[in-house]
Amino acid sequence: MKIKSQKDFWSGLMFVAAGLGFAAGATNYSFGTSARPGPGYFPFGLGILLAVLGAMVLFKSLTVESEGGDPVGAIPWRPLILITLSVVVFGLALPRLGLIVTLPILILIASLAGDEFRLKEVIVNFIVLTVGSWLVFIKGLNLVIPLWPTFITG
Amino acid sequence: MGDLINNLMLGFGVAFTLQNMFYAFFGALLGTLIGVLPGLGPVATIAMLLPSIYALDATPALIMLAGIYYGAQYGGSTTAILINVPGESSSVVTAIDGYQMARKGRAGAALAAAGLGSFFAGCVGTIVIAAFAPPLTELAFKFGPAEYFSLMVLGLIGAVVLASGSLIKAISMILLGLLLGQINTDVISGVPRFSFDVPELTDGIGFVAIAMGVFGFGEIIANLSRPAEHREVFTKDVKGIWPTKQDFKNAYPAVLRGTALGSILGVLPGGGALLASFAAYTVEKKTKGNPGDVPFGQGNIRGVAGPEAANNAGAQTSFIPMLTLGIPPNAVMALMVGAMTIKGIQPGPQVMTSNPELFWGLIASMWVGNAMLVILNLPLIGIWIKLLTVPYRFLFPAIMSFCCIGLYTLNNNNFDVFMAAGFGIVGYFFFKLGCEPAPLLLGFILGPMMEENLRRALLLSRGDWSAFLTRPLSAGLLIAAALMIIVVSLPSIKKKREVAFQEEP
């Protein structure tokens, strides 16, 4: 068996897995009857339906010829990891280190994900953005965001 | 008629307050900005701003978000004309003739045709909304749970039938969205579902986290994985904004046709700006012009004026299903529904009677916003062009900063930040696998409503599924949905549909 469309093959697989996963999870909740549907009724039905559609996508990917096999292409690990990492670090650091320290860290890590990295520009960028965010979000919109690290404010 | 005028008066009374004028202006300005800037769309921007609307009242908040939406349509056409890069998918066809006009040194005329055509369409669109919203609302009050369920099926199917890409994958994405919407506490029995004992998940995943993850972070990863593109900007040639008399003569019938087409197509579920502009371009191509006209594809002004009028009219009237039925026809409207819920307003037919200031104020503000856009856009074109040259490496850290701060302030904890990081990865893989994320968001927003209506309908019919087909209104809606799928699956139409969407980037 040869995969004729890589993209459809993997998306079909994803749909089948997600559908079956939700359907299996739904069995933990009361299914009820059609006249009195329980909390598991709707997700179970949806999950099965998604799995069926996913199987159709999967079937098509193995039978219908597509141009050049429709490859998924290489995964760009650098932006994928660095962008995700920068967001996670932001989430971890903000309550402890405050906006003043966290935003530059976010911008530094995220900027590393791009093709061109120029330290001078990144520094300008985070000064502008940190001051701008402080003005807009904390001064302007009065949102409750920790500004300084907790070891300074105590 | 008297009602219409009274209602519009009420609306303009609200829209012309200093505060609301400011937010309409701010929204339109911001919308134009993001329409011009490549790699940032209205969905991501509205998602980014959602947390900040906590600080605003409902009316100015929605006025601002609406301004972003139609502002983006204007901004998108500017880049389409000047650099052949449509800022929004709805200005794809504008690029065909608009860019050719720009290359011939007629960028000014093209921009003016687009701007004035859009303004005219916006005015008509506002009146269409004001005229059609009340009767539709009346109709909606007759809907029972079965009709609502069927209407949502129709809305969701309609939204993907007209979208690009594989139909079956798009429907799968809707289902995935509906399932993600099932992660919550069951409203009827109070049982937490799919929460894996994570307390934050018992309230459901925040749709801001999904929207920002998929449309914000996911898109940034996708953009960064491509090599930076080279852009050719016609900055020097933009002079002589005003079109000639002959241009006006050629363009105005196209504007009229485009406006009519856009107003109708915008109301349909899944219609809106994108479909309207494609249809208008086809109509213009088929309509006989004056002898000696520039052929289409080489800079015909009708090819700019028609689609631009159509997409703006469509953008306006796509508010109708959202405002009257609470059913979003596209991802931006889904976010507007979300914004209403944040402000404690239950979207649906009752909004018009329970919040008349909001309802009519929003409609009137669209006219105000459109007028501002014309004033804003034509003289400021020079500034927008300068913005085009802002490199992406400055842009994406800014987007990320605003997204992250917004996510944190949503509930004042970092859970949503982590969720969005996860959805960023998921969103990137959707992009890689050719799965459109917009249907997922629609499904996610409608999921809880759909389940509730389904279960209530079944409860009322004592478990008889045939109730959906024996009630005439409900049956009609379901048949319409089935017909849409069948028509799009017909081989001849399938081919055309694929060709039509190939021009999309």
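Residues numbered from 1 in each chain as written. Chains lettered and ligands numbered in written order. Predicted model: local features only at pLDDT ≥ 70, side-chain atom pairs only at ≥ 80, totals over all residues.

## Observations regarding the overall build of chain A
Step number 1: A count of helical and extended segments in chain A gives 5 helices and 0 strands.
Step number 2: When the helices and strands of chain A are read in sequence order from the N terminus, they spell out α-α-α-α-α.
Step number 3: Projected onto its principal axes, the C-alpha positions of chain A cover 60 × 50 × 25 Å.
Step number 4: Here chain A holds 154 residues, and the buried ones make up 37% of them.
Step number 5: For chain A, the share of sequence-separated contacts (at least 6 apart) that also reach a separation of at least 24 residues comes to 66%. (Helix = DSSP H or I, 4+ residues; strand = E, 2+ residues; numbered from the N terminus. Buried ≥ 20, exposed ≤ 12 C-beta atoms within 10 Å, placed from the backbone. Contact = placed C-beta atoms within 7 Å.)

## What about the overall build of chain B?
Step number 1: The secondary structure content of chain B amounts to 22 helices and 0 strands.
Step number 2: Relative to the compact-globule value of 23 Å for 505 residues, chain B shows a C-alpha radius of gyration of 22 Å, a close match.
Step number 3: On the principal axes, the C-alpha backbone points of chain B span a range of 70 × 55 × 50 Å.
Step number 4: Here chain B holds 505 residues, and 60% of them are scored as buried.
Step number 5: Sequence separation of 24 or more characterises 81% of the internal contacts of chain B that already satisfy a separation of 6 or more. (Rg over C-alpha atoms; globule rule 2.2 N^0.38 Å.)

## Description of the domain arrangement of chain A
Step number 1: For chain A, the domain assignment lists domain 1 (6-69) and domain 2 (77-153).
Step number 2: For domain 1 of chain A and domain 2 of chain A, the distance between their C-alpha centres works out to 39 Å. (Domains from an automatic or database assignment.)

## Looking at the interface of chain B and chain A
Many authors give the size of an interface as the accessible area that is lost as the parts come together.
Step number 1: Facing the 54 residues of chain B at the interface are 58 residues of chain A.
Step number 2: Elements with a minimum of two residues in the side of chain B that touches chain A: α8 (167-180), α9 (207-224), α17 (392-411), α18 (415-432) and α19 (438-460) of chain B.
Step number 3: At 11 residues, the largest contribution of residues to the side of chain B that touches chain A is made by α17(B).

## Re the packing of helix α2 (residues 41-63) of chain A against α8(B)
Step number 1: Viewed as axis vectors pointing N to C, α2(A) and α8(B) meet at an angle of 155 degrees, and their least axial separation amounts to 9 Å. Relative to α8(B), α2(A) is oriented roughly antiparallel. Along this stretch, α2(A) crosses α8(B), giving a crossing that reads as left-handed. Along the contact surface, α2(A) presents A:Pro43, A:Leu46, A:Gly47, A:Leu49, A:Leu50, A:Leu53, A:Gly54, A:Met56 and A:Val57, while α8(B) presents B:Ile168, B:Lys169, B:Ile171, B:Ser172, B:Leu175, B:Leu176, B:Leu178 and B:Leu179.
Step number 2: Class assignment for the residues of the contact of α2(A) with α8(B) results in 13 nonpolar, 3 polar and 1 charged. (Axes fitted to C-alpha atoms, helices over the stretch in contact; angles between N-to-C directions. Parallel < 35°, antiparallel > 145°, perpendicular 65-115°, else oblique. Left-handed = near helix turned anticlockwise from the far one by under 90°. Nonpolar A, V, L, I, M, F, W, Y, C, P; charged D, E, K, R; others polar.)

## Thoughts on the nonpolar core
Step number 1: One finds B:Ala47, B:Ala110, B:Ala211 and B:Met212 to be the most contacted residues of the largest nonpolar core, which totals 217 residues.
Step number 2: Examining the composition of this core, we find that 17 residues originate from one element, helix α6 (residues 107-141) of chain B, more than from any other.
Step number 3: Domain assignment of the residues forming this core places at least three in each of domain 1 (6-69) and domain 2 (77-153) of chain A.
Step number 4: Excluding anything up to four places from it in sequence, B:Met212 contacts B:Ala47, B:Met48, B:Phe217, B:Cys403, B:Leu407 and B:Ala420. (Core = buried A, V, L, I, M, F, W, Y, C linked by C-beta atoms within 7 Å.)

## Some details on the environment of B:Asn6
Step number 1: Take B:Asn6: it is sitting in helix α1 (residues 2-15).
Step number 2: Taking the C-alpha atoms as reference points, B:Asn6 and B:Val487, 481 residues apart in sequence, are found 42 Å from one another.

## Quick notes on the packing of helix α1 (residues 6-26) of chain A against α2(A)
All names here are of chain A.
Step number 1: Where α1 contacts α2, the two axes come as close as 7 Å, and the packing angle between them is 160 degrees. For the element pair α1 / α2, the angle class is roughly antiparallel. Classified by chirality, the crossing of α2 by α1 is left-handed.
Step number 2: Broken down by class, the residue content of the contact of α1 with α2 amounts to 19 nonpolar, 6 polar and 2 charged.

## A closer look at helix α21 (residues 472-489) of chain B
Residue and element names in this part refer to chain B.
Step number 1: Along its 18 residues, α21 runs 26 Å from first to last C-alpha, staying within 8% of the 26 Å computed at 1.5 Å per residue.
Step number 2: Among all positions in α21, only Ser 474, Leu 477, Leu 478, Ala 481 and Met 484 are buried. Taken end-on, α21 shows its buried residues confined to a sector of 110 degrees, consistent with a single buried face. Summarising the geometry of α21, the exposed residues directed more than 90 degrees from the buried face are Pro 472, Leu 483, Ile 486 and Val 487.
Step number 3: Along its buried surface, α21 packs onto α7 (145-161) and α20 (467-470). (Expected span 1.5 Å × (residues − 1). Arc of directions from axis to C-beta.)

## Some remarks on the environment of B:Leu378
Step number 1: Within the secondary structure, B:Leu378 is located in helix α16 (residues 356-388).
Step number 2: Taking the C-alpha atoms as reference points, B:Leu378 and B:Leu116, separated by 262 residues in sequence, lie 9.3 Å from one another.

## Quick look at unusual backbone geometry
Step number 1: The phi dihedral of B:Arg462 falls on the positive side, at around 55 degrees, and the residue is not glycine.
Step number 2: With respect to the helices and strands, the residue B:Arg462 is situated in the loop between α19 and α20.

## Examining the confidence of the model for chain B
Residue and element names in this part refer to chain B.
Step number 1: On average, chain B scores 81 in pLDDT, and the residues at 70 or more come to 90%.
Step number 2: Per-residue pLDDT, averaged within each element of chain B, yields its smallest value for helix α22 (residues 491-502) (60) and its largest for α18 (91).
Step number 3: Scored as a complex, the prediction yields pTM 0.81 and ipTM 0.90. (pLDDT = per-residue confidence, 0-100.)

## Observations regarding the environment of B:Gln350
Residue and element names in this part refer to chain B.
Step number 1: Structurally, Gln 350 can be placed in the loop between α14 (331-342) and α15 (351-354).
Step number 2: Among the residues examined, Gln 350 registers 14 C-beta atoms within 10 Å and is labelled partly exposed.
Step number 3: Each C-alpha atom of the pair Gln 350 and Thr 137 lies 7.8 Å from the other, and the pair is 213 residues apart in sequence.

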